[in-house]
Amino acid sequence: LICMELSEPLRRMLSMENASQGEKNAMQIRETVRKFQRHESDTGSPEAQIAVYTTRITVMQAHMKDHHKDNLTKKMLMQLVVNRRKMMKYLKRTNPDKYFETIEALGLRDVINLIPPKAFLPAKAAVDAELKLRRRQQMRENVKTGKSKKKRRM
């Protein structure tokens, strides 16, 4: 509304074309939050945070294309990816419908698996663990039914 009242040269001077890259990034983040916020002053909902992480990751990826030797930015980028992944995992666990809406709107893939993989065990150790588990189960069954291997002498 205020921009309409300004003169043409003043409007051009205040436009985003003349803004610094940091100001452009901040504006992009504000617009992203506005799309995903639940209410007027919401900036902390998981959807909004995932959107902000995604925007920041996109900006840093563009920076890394020009400055591929910038190791600090690379480290920060990896940390942002980890944080976004944690937030996505939380959102999928607590509200799967919102999770799928969010990743669809952001153009992300569903790669969050909530079932943890079994720990890697060498073949012999896995077989030994299975035998040990079976023995415990047999012992429990024998105790319940009154059949124990050890006979008491009187």
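Residues numbered from 1 in each chain as written. Predicted model: local features only at pLDDT ≥ 70, side-chain atom pairs only at ≥ 80, totals over all residues. Heavy atoms only, no water.

(A) Focus on the overall build of the protein. Helices and strands together make up the secondary structure of the protein, namely 7 helices and 0 strands. Ordering the α and β elements of the protein from the N terminus gives α-α-α-α-α-α-α. Relative to its 154 residues, the protein shows a buried fraction of 20%. Per element, the accessible surface of the protein, about 13,100 Å² overall, is 56% carbon and sulfur. (Helix = DSSP H or I, 4+ residues; strand = E, 2+ residues; numbered from the N terminus. Buried < 20%, exposed > 50% of the residue type's maximum accessible area, 1.4 Å probe, protein only. Areas by Shrake-Rupley, 256 points an atom, 1.4 Å probe, with all protein chains shown as cover.)

(B) Here's a closer look at the nonpolar core. Of all hydrophobic cores here, the largest spans 7 residues; its members are I50, M87, M88, L91, Y99, I103 and I112. At the level of elements, α5 (71-94) and α6 (96-106) are the ones that each hand at least two residues to this core. Ignoring anything within four residues of it in the chain, the contact list for M87 reads P46, Q49 and I50. Residues Y53, I57, M64 and L80 belong to the second largest nonpolar core, which totals 6 residues. (Core = buried A, V, L, I, M, F, W, Y, C linked by side-chain atoms within 4.5 Å. Contact = heavy atoms within 4.5 Å.)

(C) Representation of α5 in the model. Here α5 spans 35 Å end to end across 24 residues, near enough to the 34 Å set by a 1.5 Å rise per residue. Along α5, the residues classified as buried are T73, L77, L80, R84, M87, M88, L91 and K92. On its buried face, α5 sits against α4 (46-66) and α6. (Expected span 1.5 Å × (residues − 1).)

(D) Quick peek at the packing of aromatic side chains. Here the structure, examined in full by the defined rule, presents 1 aromatic pair. Consider the rings of Y99 and F100, whose centres lie 5.1 Å apart with planes at 75 degrees: the pair is edge-to-face. Relative accessible area serves as the criterion here: at 0%, Y99 is assigned to the buried category. (Phe/Tyr/Trp six-rings, centres within 6.5 Å; stacked < 30°, edge-to-face > 60°.)

(E) Expanded view of the environment of E101. Residue placement: E101 occurs in helix α6. Residues E101 and E47 lie 54 residues apart in sequence; the distance between their C-alpha atoms is 9.2 Å.

(F) How the structure looks around the pattern of salt bridges. Using the criterion set out here, one finds 4 salt bridges in the structure. Taking the shortest distance from any N to any O, the salt bridge between E47 and R38 comes out at 2.8 Å. Since its relative accessible area comes to 2%, E47 is described here as buried. Across the pair D110 and K92 runs a salt bridge whose closest N-O atoms are separated by 3.1 Å. Here D110 is found in the loop between α6 and α7 (123-145), whereas its partner K92 is found in helix α5, with 18 residues between them in sequence. (Salt bridge = Lys/Arg side-chain N within 4 Å of Asp/Glu carboxyl O.)

(G) A look at a positive patch on the surface. There is a patch of like positive charges on the surface, built from K132, R136, R140 and K144. The class of R140 is exposed, set by a relative accessible area of 53%. (Patch = residues over 30% accessible without salt bridge, like charges linked within 9 Å, V, L, I, M, F, W, Y side chains within 5 Å. Lys, Arg positive; Asp, Glu negative; His and termini not counted. Charge placed at Lys NZ, Arg CZ, Asp CG, Glu CD.)

(H) Representation of the packing of α5 against α6 in the model. Axis separation between α5 and α6 bottoms out at 5 Å; the angle between their running directions is 135 degrees. Here α5 is positioned oblique relative to α6, judged by the angle of their axes. Taken together, the residues of α6 that come into contact with α5 (itself represented by M88, L91, K92 and T94) are P96, K98, Y99, F100, T102 and I103. In terms of residue class, the contact of α5 with α6 is built from 6 nonpolar, 2 polar and 2 charged. (Axes fitted to C-alpha atoms, helices over the stretch in contact; angles between N-to-C directions. Parallel < 35°, antiparallel > 145°, perpendicular 65-115°, else oblique. Nonpolar A, V, L, I, M, F, W, Y, C, P; charged D, E, K, R; others polar.)

(I) Quick peek at a nonpolar patch on the surface. Together, L10, M13 and L14 make up a nonpolar patch on the protein surface, roughly 300 Å² of accessible area in all. Mapped onto the elements, M13 comes out in helix α2 (residues 8-14). For M13, a relative accessible area of 54% puts it in the exposed group.

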